[in-house]
There are 2 protein chains.
Amino acid sequence: MAPVGPRSGDAIFASVERVNAELFTLTYGAIVRQLLTDLEEVEEVNKQLDQMGYNIGIRLIDEFLAKSNVSRCVDFKETAEVIAKVGFKMFLGVTASVTNWDAEGTCCSIVLEDNPLVDFVELPDTCQGLYYCNILSGVIRGALEMVSMKTEVTWVRDMLRGDDVFELQVKLLKQVPEEYPYKDDE
Amino acid sequence: MAPVGPRSGDAIFASVERVNAELFTLTYGAIVRQLLTDLEEVEEVNKQLDQMGYNIGIRLIDEFLAKSNVSRCVDFKETAEVIAKVGFKMFLGVTASVTNWDAEGTCCSIVLEDNPLVDFVELPDTCQGLYYCNILSGVIRGALEMVSMKTEVTWVRDMLRGDDVFELQVKLLKQVPEEYPYKDDE
């Protein structure tokens, strides 16, 4: 049988169950507000958002692989393109682009011009150290870990800090030999 | 000009910005988990989820009124129908039904058979007192308060507690004279 090719992000996004983006935006805002109240230190909030994202990412990768027909990427370059073009579209309904590759092909930037997480958001002066969208870096890190790539994901540009786009640097630290995180039931 | 009629929930849901439902489900799960860790008492978590929902509801009502073309409902009965048929569809992509009206027409149940918040969720024994979806009751309470209806919203049935549907009782406590919560800009 001929292999089934990967589906476009648009096609997948059109076929998955969805909820209203504003509800999601406000719900995410409620999390951040709650963490700011409970943890007080902005640095701790950043860590917690990243951890939440990681926990989401290690589960979301299953939905991603099941719905996208994306199979093993040949290298980290292809992986980054798939995250930007298929992953962001499939989950947030937006497309990202990949730039700023280093010479080794192990570090790049994912650039987002549109980000539903931050609609209507303005940071007060007391939150200047906050990476409001830190859940996203955690999701990418968690999802990639499930396909055997240890990465470090950090914000380079942030529209809530006055930059013109969101830019996430994704650095491949280690590609571990392929091992499924858990056994199939069968 | 002839008045524009209200739009169906399906038509509105198709036209609004949306995000992947599983991402929303997992993100909501992350909130609940965080609150359980931080607050320890299940009763406190219920309160906090309700409060978060309230804060979301008082903002979401604007999007609802702007997108739905629903104008003033003639009475609480019509209001409840609009929440069930248009509101739930527009925000969560599911339809609810209204039943169990009392004789005065001031108390009814909104019944949900499908609820994206609880996909893949199972409550551990330690969380038996938890109203996992308590954010929803808060959203309804908050949204209705913005259109001058003070309500009490409580769970009667909950699928995570073994019931066959979700049932929210909505009781109109007081209908305050119409006053806009804030002035128009113009």
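On a predicted model such as this, the values are computed, not experimentally measured, just so you know.

### Quick word on the sheet that holds strand β5 (residues 166-175) of chain B
All names here are of chain B.
Now for step 1: Reading across from one edge, β2-β3-β5-β4 is the order of the four strands in this open sheet, with antiparallel pairing throughout. Here the strands that pair on one side only, and so sit at the sheet edges, are β2 (96-99) and β4 (149-157). Taking the axes of each pair of neighbouring strands and ignoring which way they run, one obtains an average angle of 25° across the sheet.
Now for step 2: In this structure, β4 lies alongside β5, joined through eight bridges in antiparallel fashion. Note that in β5 the partner of Val-153 across the bridge is Val-170.

### What about the sheet that holds strand β3 (residues 107-112) of chain A?
All names here are of chain A.
Now for step 1: One open sheet accounts for four strands, arranged β2-β3-β5-β4; its pairing is antiparallel. Pairing within the sheet leaves two strands with one partner each, and these edge strands are β2 (96-99) and β4 (149-157). Along the sheet, successive strands turn relative to each other by an average axial angle of 25°, direction set aside.
Now for step 2: Where β2 and β3 come together, four bridges link them in antiparallel fashion. Bridge assignment links Ala-96 to a residue of β3, and that residue is Leu-112.

### Here we look at the packing of aromatic side chains
How two aromatic rings sit relative to each other is given by the distance of their centres and the angle of their planes.
All names here are of chain B.
Now for step 1: Evaluated as defined, the whole model comprises seven aromatic pairs over all chains.
Now for step 2: Judged by centre distance (5.5 Å) and plane angle (85°), the ring pair of Tyr-28 and Tyr-132 falls under edge-to-face. Separated by 104 residues along the polypeptide, Tyr-28 in helix α2 (residues 21-39) and Tyr-132 in the loop between β3 (107-112) and α5 (134-146) bring together distant segments of the chain. Each member of the pair, Tyr-28 as well as Tyr-132, carries the same accessibility label: buried.

### With respect to the state of the cysteines
Now for step 1: Using the criterion set out here, one finds zero disulfides over all chains in the structure.
Now for step 2: Looking at the unpaired Cys127(A), the closest cysteine sulfur is the one in Cys133(A), lying at 13 Å.
Now for step 3: Here Cys127(A) falls in the buried class, since its relative accessible area comes to 7%.
Now for step 4: Cys107(B) takes part in no disulfide bond, and the closest cysteine sulfur, belonging to Cys108(B), lies 6.6 Å away.
Now for step 5: The class for Cys107(B) is buried, based on a relative accessible area of 10%.

### Comments concerning the interface of chain A and chain B
Now for step 1: Between chain A and chain B, the contact holds 29 residues from the first and 30 residues from the second.
Now for step 2: When the two sides are added together, the surface that chain A and chain B hide from each other amounts to roughly 3100 Å², 65% of it contributed by carbon and sulfur.
Now for step 3: Along the contact surface separating chain A from chain B lie 11 residue pairs in polar contact (both at pLDDT 80 or more).
Now for step 4: Ranked by residues supplied to the side of chain A that touches chain B, first place goes to helix α2 (residues 21-39) of chain A with 12 residues.
Now for step 5: Across the side of chain A that touches chain B, the residue classes tally to 19 nonpolar, four polar and six charged.
Now for step 6: Where strand β1 (residues 18-20) of chain A meets strand β1 (residues 18-20) of chain B, three bridges bridge the pair, whose relative direction is antiparallel.

### Considering the packing of helix α3 (residues 42-68) of chain A against helix α5 (residues 134-146) of chain A
Residue and element names in this part refer to chain A.
Now for step 1: The contact between α3 and α5 brings their axes to 6 Å, and the two run at 40°. It follows that α3 is oblique to α5 by the angle criterion. By crossing handedness, the relation of α3 to α5 is classed as right-handed. Where α3 abuts α5, its residues Asn-46, Lys-47, Leu-49, Asp-50, Met-52, Gly-53, Tyr-54, Ile-56, Gly-57, Ile-58, Leu-60 and Ile-61 lie against Asn-134, Ile-135, Ser-137, Gly-138, Val-139, Arg-141, Gly-142, Ala-143, Glu-145 and Met-146.
Now for step 2: Among the residues forming the contact of α3 with α5, the class breakdown is 11 nonpolar, seven polar and four charged.

### Some points on the packing of helix α4 (residues 76-92) of chain A against α5(A)
Residues and elements named next belong to chain A.
Now for step 1: Close contact between α4 and α5 brings their axes to 12 Å; oriented N to C, the two are set at 120°. Classified by the angle their axes make, α4 and α5 are oblique. α4 and α5 meet at a crossing whose hand is right-handed. From α4, Thr-79, Ile-83, Phe-88 and Leu-92 reach across to α5, where they touch Leu-136, Ile-140 and Leu-144.
Now for step 2: The residue makeup of the contact of α4 with α5, split by class, is six nonpolar, one polar and no charged.

### Things to note about the relation of the copies chain A and chain B
Now for step 1: Turning chain A through 180° and shifting it by 0.0 Å along the axis lays it on chain B, with an RMSD of 0.0 Å. Such a turn and shift between the copies fits a two-fold axis.
Now for step 2: Taken together, the interface assignments show that 100% of the residues at the interface of chain A recur at the interface of chain B, consistent with an identical surface on both copies.

### Considerations on the confidence of the model for chain A
Residue and element names in this part refer to chain A.
Now for step 1: Residues of chain A with pLDDT of at least 70 account for 92%, and the chain-wide mean is 90.
Now for step 2: At the level of individual helices and strands, chain A shows its lowest average pLDDT in helix α1 (residues 9-15), which scores 85, and its highest in β3, which scores 98.
Now for step 3: If you check the scores for this complex, the pTM reads 0.87 and the ipTM reads 0.85.

### Thoughts on the pattern of salt bridges
Now for step 1: Scanning the model with the defined rule gives 16 salt bridges over all chains in all.
Now for step 2: Where Asp10(B) meets Lys89(B), a salt bridge forms, and the shortest distance between an N and an O atom there is 3.0 Å. Of this pair, Asp10(B) sits in helix α1 (residues 9-15) while Lys89(B) sits in helix α4 (residues 76-92); the two residues are 79 residues apart in sequence, bridging distant segments of the chain.
Now for step 3: Its relative accessible area of 52% is what places Asp10(B) among the exposed residues.
Now for step 4: Accessibility expressed as a relative area gives 15% for Lys89(B), which makes it buried.
Now for step 5: Sharing partners across several salt bridges, the network here consists of Arg157(A), Asp164(A) and Glu167(A).

Rules used in this analysis
- As a convention, each chain's residues are numbered from 1 in the sequence order in which they are written.
- Throughout, the order in which chains and ligands are written sets their labels, letters from A for the former and numbers from 1 for the latter.
- For this predicted model, a pLDDT threshold of at least 70 governs which residues receive local features, and a threshold of 80 or more governs which side-chain atom pairs are given and counted, while totals over whole chains, interfaces and linings are taken from all residues.
- Excluded from the side-chain calculation are hydrogens and water; included are all heavy atoms of the structure.
- When DSSP finds two or more bridges between two strands, those strands count as paired.
- Under the scheme used here, helices are H or I runs from DSSP no shorter than 4 residues and strands are E runs no shorter than 2 residues, and both carry numbers assigned from the N terminus.
- Inter-axis angles, ranging from 0 to 180 degrees, are taken between N-to-C directions of lines fitted to C-alpha atoms, where helices are fitted over the stretch in contact.
- Think of it this way: a Phe, Tyr or Trp ring, Trp meaning its six-membered ring, pairs with another when their centres are within 6.5 Å, and the plane angle makes it stacked under 30 degrees, edge-to-face over 60, tilted otherwise.
- To sort residues, take the accessible area from a 1.4 Å probe on protein chains only and compare it with the maximum for the residue type: under 20% means buried, over 50% means exposed, and anything in between is partly exposed.
- When the sulfur atoms of two cysteines come within 2.5 Å, that pair is taken as a disulfide.
- Throughout, a residue-residue contact means that at least one pair of heavy atoms, one from each residue, lies within 4.5 Å.
- Once two parts are put together, the accessible area they lose, assessed with a 1.4 Å probe and summed over both, is termed the buried area.
- Pairing of N or O atoms within 3.5 Å defines a polar contact, subject to two protein rules: one partner must be a possible hydrogen donor and the other a possible acceptor, and residues neighboring in sequence count only if both atoms are side-chain atoms.
- Here the nonpolar group is Ala, Val, Leu, Ile, Met, Phe, Trp, Tyr, Cys and Pro; Asp, Glu, Lys and Arg are the charged ones; every other residue, Gly included, is treated as polar.
- Convention used here: angles under 35 degrees read as roughly parallel, angles over 145 as roughly antiparallel, angles from 65 to 115 as roughly perpendicular, and any remaining angle as oblique.
- Helix crossings get a hand from a simple test, with the near helix turned counterclockwise from the far one by less than a right angle marking a left-handed crossing and a clockwise turn marking a right-handed one.
- The copies were overlaid by least squares, fitting only the C-alpha atoms of residues that reach a pLDDT of 70 or more in each copy.
- Scored from 0 to 100, pLDDT reflects the predictor's confidence in each residue.
- In what follows, salt bridge is the name for a side-chain nitrogen of Lys or Arg lying within 4 Å of a carboxyl oxygen of Asp or Glu.

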